[in-house]
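An overview of the molecular structure
As a plain string of letters, each chain reads:
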Amino acid sequence: MKINLTINGKPHSHDVEPRLLLIHYLREVVGLTGSHIGCETTLCGACTIEMNGQAVKSCTVFAVQADGANLVTIEGLASNGKHHAMQEAFWNQHGAQCGFCTPGMIMASKQILDRNPNPTDEEIRHGIEGNLCRCTGYQHIVNAVRAAAEATK
Amino acid sequence: MATTITKTEKLIGKRIRRREDPRLITGTATYVDDMQLAGMHYASIVRSPHAAAKIRSIDIKAALAAPGVVAVFTGKDTEQVGPVPCGGSLPGLRVPHHHILATDRVYFVGHPVAVVVAADRYVARDAADLVEVDWEVLPAVADPEKALAPGAPPVHPQWPDNTAFTYHQEGGDIDKAFAEADVIVKQRIVSQRLVPVAMETRGVIADWRGADRALTLYTSTQVPHLVRTLVAGMLGLEENRMRVVAPEVGGGFGSKLNIYAEEALMGFVAMKINKPVKWIESRRENFLCTIHGRGHVDYFEVAAKKDGTILGIKLKLIQDLGSYHQLLTPVIPTLSVLMMPGLYRTQNIRADIVGVFTNCVPTDAYRGAGRPEATHGIERMVDILADELKMDPAEIRLKNFVQKEEFPFPTATGLMYDSGDYSAPLAKVLDLAGYQELRAEQAKAQAAGKLMGVGLCTYGEICGIGPSPATPAGGWESATVKIEPSGKVTVMTGSCHHGQGEETTFAMIAADELGIGIDDILVVRGDTAIVQYGIGTFGSRATAIGGTALYFALQEMKVKIKKFGAMLLESDDVTFEDGRVTCNKTGNSKPLAEIAGASYRAMKLPPNTEPGLNVTYFWEPPNFTFGFGAHFIVTDIDRDTGHIKIRRYIAVDDCGNILNPLIVDGQVHGGVAQGLGQALWEQAVYDDNGQLVTGEFMDYVMPRAHMMPWVESHHTITPSPVNPLGVKGVGEAGTIGASPALVNSVVDALSHLGVRHIDMPLTPEKIWKILQTAGKN
């Protein structure tokens, strides 16, 4: 099936198998490997991207469902050579260890602030509960989201 | 929050943000699955749905006929490949031959039996379902104590008692200690099977260049050099023609400190099809086929005087090994024995391990590897003893600690504790917690019918594993320092960090020693074609041993620089600072880059000097290092639901000198999450047929952000005398401290109802059931 969509501001057009998962499309057809596959069952969040402004787990979306959509992946967050405030906050606050969950975690964290610029710690923790991290114990990630909220005020 | 750094101030001890992070936060890091090689094929593995079965036949015709499939291999094809190796040796150890694909029989659910190779990932996966195996299902046993019972199904028919080994260790006079005791407390304590669950599953790409007889293996591993040596051996390849690359590695926690069947299998497939081949483990496979951790049933006995003095400790340890020995499977419980005295002075111990085969995936090293089990045991026993003697848990610990002036302290298990001040973190944690006030509050809460608990754990940890005689594969580590002609510095470490931040801490060490900016240093690891032989990252060893190897390489490098510097300066009495080498006699200085350039230009070489600036150092540590600390948890328990709320978590860890506090905090937080995961939620549950019931994230409860308490992380600092950096290790500390502190806290909340011990995980259901009966008899 033919799909046309926008990824990180650029138009893409491909003929894809109907069963192709969006995460496989992004990683293997488009070559954007920043979004990761941690479970293929929507439970870990490593594949989280933004689809029409909403955070989605791209392992349980078919590529054909993204026809006409506007996607932002981790590769599209920085602009003009500058990190997004959330990326910078993850760096400053040591929000990443092995880094595998990090792209999805940053996309989910960005979504928290898109919806609520002043989240409490509890709201931050609730906002990333769909994203598993095995390294950090989440504390530095919570710090990062809080710092990003403060930086973007 | 990280500190902003100026160029040449000393970096050690500062909260410096990590140099590896820019690629991680932008999604530009390269993990195995991010790599595509020209002509690459994909492998999908057919696995056993049964825990025990004979293979009558395998029909691959339909799979082979599927469009796009290029090859299918079964155990008959791979029979000549060497067995998956076990590095541990114990007297009388029974080692089953571990084929990379099952030949005639399978031993656990997930056991690989065939591999399907296709040009497309989806085609390979579909065709795997077309492989037909005719099974003769056999009875299985999944519980180690049931496996030891008479008449249990034999996991390996040649060993009907399911016993892989027994191991006995004794120190002091245990019989005398128990004969003289005023009180003996006994408890069965389970450290349940856990799934390590690195967020990146395992993955392998094998690239075979037949004309050169050269195999490159890209694999998600903690130990690339060991993989090269051992997989080359399995495949009958010359080791120097094999290259192993661990690209970005998405977590390991011990699960990637191993040699896996799939690593050799992909090498085998690539050599057969003459194309690169990729296999990426699915999460389901990760649960079923990557090693598990823990799996202990421990029977503890502690003998003590009325005043709380511990006289001796006995332990009968039943270790669930699973069906095979992976790299370190049988030696993990021996680490538990080493640490069974904890921080306490007693010189009388007796330990008996029974290593038991079960029809489950093998257990092996998982964060802490034997030490959390030991610490959980002794720290629970000390609380049980305190309860028995009506003593305060803090007081009984203080009474039994090895004292500050007794170091180095020889333990009853044959270790030499390097340095410590065990009462310091305990005093600090009690002070931070407001211990006496909490006890007063608890009394009031109990009187009001509320359930509030206060729990302590004072742990010791073997870090810096370890001296070579104490390890199966060499316990040293290596470092190379190269200063290029332009003065830029490359550090190559035999450690293979995978999230621990050594790209930053090692650059900090080099920057401080050479007096240059951190941006002039690159740290490289994880490629056997680039990096000298190394051991790897595990056992809280990377900084203590790899960092020390780097330190000594830098000292030799400085001697070389001084020699070359004397060509350009007035003497070799110099200071390294601000990127320059300054003569202390004249005050004249030269940029390090100019000296480096001169060393390669080699126009006026000093006598007996080789050109260039290149030093490699292999460092063998004289001892382990021993970190320690005190963790403290306040819990409130909901009577109606059994839900445990952690009100406060305070950790005081002593990991020796701290190089980068930001990274140390991260290690503590992550370790605590895994320790609390075991204490509260996680458990690999096999049913009686050997089916893994908790085989997905839906069923296996890993800590999520909203489940974790805020961890207050503090430190005391007792430098290690074992290495010049004075560091000990912190990677596993949080995991070791957390589970006993949590269980002690909950038991403390329920002890007035007659509860003395609860086995992990402390699920709400378990607590609720206890509350239905506790205190009602």
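Keep in mind the model is a prediction, meaning the values are calculated, not measured.

**Some thoughts on the nonpolar core**
Residue and element names in this part refer to chain B. Judged by nonpolar contacts, the single largest core of 225 residues is most densely connected at Val115, Met266, Phe632, Leu676 and Leu762. The element best represented in this core is helix H18 (residues 733-750), accounting for ten residues. The residues touching leucine 762, leaving out its near neighbours within four places in the chain, are Ile644, Ala679, Leu680, Leu742, Val743, Val746 and Ile767. Core analysis: the second largest hydrophobic core is formed by 44 residues, Ile509, Val523, Cys583 and Leu725 among them.

**Quick notes on the pattern of salt bridges**
Residue and element names in this part refer to chain B. Inspection of every chain in the model, using the stated rule, returns 57 salt bridges over all chains. Between arginine 371 and glutamate 461 there is a salt bridge, and its shortest N-O distance comes to 3.8 Å. One end of the pair, arginine 371, is in helix H10 (residues 371-389); the other, glutamate 461, is in strand E18 (residues 451-463), and 90 residues separate them in sequence. As far as burial versus exposure is concerned, arginine 371 and glutamate 461 are alike and both buried. Salt-bridge contacts for glutamate 732 lead to arginine 371; the nearest nitrogen and oxygen are separated by 2.6 Å. Here glutamate 732, found in the loop between strand E28 (711-715) and H18, pairs with arginine 371, found in helix H10; they are 361 residues apart in sequence, far enough to count as distant.

**Here's the deal with the domain arrangement of chain B**
Residue and element names in this part refer to chain B. The domain architecture assigned to chain B consists of domain 1 (21-29 + 476-619), domain 2 (32-138 + 201-249 + 256-289) and domain 3 (296-467 + 623-773). Domain 1 and domain 3 are separated by 39 Å when their C-alpha centres are compared. The interface is formed by 20 residues belonging to domain 1 together with 22 residues belonging to domain 3. Carbon and sulfur atoms make up 67% of the area that domain 1 and domain 3 hide from each other, which totals about 1300 Å². It is Gly539, Ser540 and Ala544 that lose the most area in domain 1 upon contact with domain 3, and together they represent 33% of the buried surface on that side. In this structure, the connection of domain 1 to domain 3 is made through zero salt bridges. Between the two partners, domain 1 and domain 3, sit six residue pairs in polar contact (both at pLDDT 80 or more). Going through the elements one at a time, helix H14 (502-514) and helix H15 (542-568) are the ones with two or more residues in the side of domain 1 that touches domain 3. The biggest single contributor to the side of domain 1 that touches domain 3 is H15, with seven residues. Considering only residue class, the side of domain 1 that touches domain 3 consists of nine nonpolar, ten polar and one charged.

**Thoughts on the sheet that holds strand E5 (residues 70-72) of chain A**
Residues and elements named next belong to chain A. What the five strands build is an open sheet, ordered E2-E1-E5-E3-E4; its pairing is mixed. Two strands lie at the open edges of the sheet, namely strand E2 (10-15) and strand E4 (54-57), each paired on one side alone. Here the average twist between neighbouring strands, direction ignored, is 40 degrees. Across the sheet, helix H1 (residues 22-29) lies against strand E1 (2-7), E2, strand E3 (48-51) and E5, angled at about 75 degrees from E1, the strand it touches most. Docked against the sheet, helix H3 (residues 102-115) engages E3, E4 and E5, running at close to 45 degrees with respect to E3.

**Observations regarding helix H16 (residues 592-601) of chain B**
All names here are of chain B. Along H16, the residues that are buried comprise Leu592, Ile595, Ala596, Ala598 and Ser599. When H16 is viewed along its axis, its buried side chains cluster within an angular range of 160 degrees and face the same direction. For H16, the secondary structure elements touched by its buried residues are strand E19 (477-483), H15, strand E23 (580-583), strand E24 (589-591) and strand E25 (613-619). Downstream of H16 by a residue or two, alanine 602 has a phi angle that is positive, lying close to 55 degrees.

**Thoughts on the interface of chain A and chain B**
Contacts between the two partners involve 52 residues from chain A and, on the opposite side, 54 residues from chain B. Carbon and sulfur atoms supply 54% of the area buried between chain A and chain B, which totals about 4700 Å² over both sides. Three residues, Trp91(A), Arg134(A) and Gln139(A), lead the burial of chain A against chain B; their summed loss comes to 20% of the area buried on that side. Run the count over chain A and chain B and you get six salt bridges.

**Observations concerning the packing of helix H2 (residues 85-92) of chain A against helix H5 (residues 139-151) of chain A**
Residue and element names in this part refer to chain A. Viewed as axis vectors pointing N to C, H2 and H5 meet at an angle of 135 degrees, and their least axial separation amounts to 8 Å. Compared by their axis directions, H2 and H5 come out oblique. Crossing handedness for the pair H2 and H5: right-handed. Counted together, Ala85, Met86, Ala89 and Phe90 of H2 and Ile141, Ala144, Val145, Ala147 and Ala148 of H5 form the full contact between these two elements. For the contact of H2 with H5, the residue count by class is nine nonpolar, no polar and no charged.

**Observations concerning the packing of aromatic side chains**
Residues and elements named next belong to chain B. In this structure the tally under the stated criterion is 20 aromatic pairs over all chains. When the centroid spacing of 5.3 Å and the interplanar angle of 80 degrees are considered together, the rings of phenylalanine 73 and phenylalanine 268 count as edge-to-face. Of the two residues, phenylalanine 73 is situated in strand E3 (residues 69-74) and phenylalanine 268 in helix H7 (residues 261-273); the sequence distance between them amounts to 195 residues. You'll find phenylalanine 73 and phenylalanine 268 in the same group, each marked buried. For the pair tryptophan 159 and phenylalanine 357, a centre-to-centre distance of 5.8 Å together with 15 degrees between the ring planes defines the contact as stacked. Taken together, the residues tryptophan 159 in the loop between helix H4 (144-148) and strand E7 (163-171) and phenylalanine 357 in strand E15 (residues 349-357) connect sequence positions 198 residues apart. Per residue, the accessibility class of tryptophan 159 equals that of phenylalanine 357, and both read buried. A connected cluster of aromatic rings, assembled from ring pairs, spans Tyr344, Phe401, Phe407, Phe409, Tyr417, Tyr422, Phe624, Phe626 and Phe628. When the ring centre of tyrosine 260 is taken as reference, the NZ or CZ atom of arginine 202 above it lies at 3.7 Å. Cation over ring: lysine 314 sits above phenylalanine 178, and NZ or CZ is 4.2 Å from the ring centre.

**Let's talk about the sheet that holds strand E6 (residues 132-137) of chain B**
All names here are of chain B. A sheet is described by the order of its strands in space; here three strands give the open sequence E4-E2-E6, paired in antiparallel fashion. Looking along the sheet, the strands with just one partner apiece sit at the ends: strand E4 (105-106) and E6. For strand E2 (residues 53-59) and E6, the ladder comprises six bridges, and the chain directions are antiparallel. Directly across from aspartate 59, in E6, lies its bridge partner glutamate 132.

**Here's the deal with the pairing of E3(B)**
Residue and element names in this part refer to chain B. Within E3, five of the six residues are buried, leaving the element largely enclosed by the surrounding structure. In this structure, E3 lies alongside strand E5 (residues 112-118), joined through five bridges in antiparallel fashion. Following the sheet pairing, alanine 71 is matched in E5 by valine 117.

**Examining the domain arrangement of chain A**
All names here are of chain A. Taken as a whole, chain A is organised into domain 1 (2-76) and domain 2 (85-151). Its C-alpha centre places domain 1 at a distance of 21 Å from the equivalent point of domain 2. At the junction of the two partners, domain 1 supplies 18 residues and domain 2 supplies 15 residues. With both sides pooled, the region where domain 1 packs onto domain 2 buries about 1200 Å², and carbon together with sulfur makes up 54% of that total. At the junction of domain 1 with domain 2, the criterion picks out one salt bridge. Glutamate 50 serves as the salt-bridge partner of lysine 110, at 2.7 Å between the closest nitrogen and oxygen. Between domain 1 and domain 2 we count nine residue pairs in polar contact (both at pLDDT 80 or more) in total. Among the secondary structure elements, those contributing two or more residues to the side of domain 1 that touches domain 2 are E3 and E4. In terms of residue class, the side of domain 1 that touches domain 2 is built from eight nonpolar, eight polar and two charged.

Reading guide: rules and limits
- Residues numbered from 1 in each chain as written.
- Chains lettered and ligands numbered in written order.
- Predicted model: local features only at pLDDT ≥ 70, side-chain atom pairs only at ≥ 80, totals over all residues.
- Heavy atoms only, no water.
- Core = buried A, V, L, I, M, F, W, Y, C linked by side-chain atoms within 4.5 Å.
- Buried < 20%, exposed > 50% of the residue type's maximum accessible area, 1.4 Å probe, protein only.
- Helix = DSSP H or I, 4+ residues; strand = E, 2+ residues; numbered from the N terminus.
- Contact = heavy atoms within 4.5 Å.
- Salt bridge = Lys/Arg side-chain N within 4 Å of Asp/Glu carboxyl O.
- Domains from an automatic or database assignment.
- Buried area = accessible area lost by both parts, 1.4 Å probe.
- Polar contact = N/O pair within 3.5 Å; in protein donor to acceptor, adjacent residues only side chain to side chain.
- Nonpolar A, V, L, I, M, F, W, Y, C, P; charged D, E, K, R; others polar.
- Pairing = 2+ DSSP bridges.
- Axes fitted to C-alpha atoms, helices over the stretch in contact; angles between N-to-C directions.
- Arc of directions from axis to C-beta.
- Parallel < 35°, antiparallel > 145°, perpendicular 65-115°, else oblique.
- Left-handed = near helix turned anticlockwise from the far one by under 90°.
- Phe/Tyr/Trp six-rings, centres within 6.5 Å; stacked < 30°, edge-to-face > 60°.
- Lys NZ or Arg CZ within 6 Å of the ring centre and 35° of its normal.

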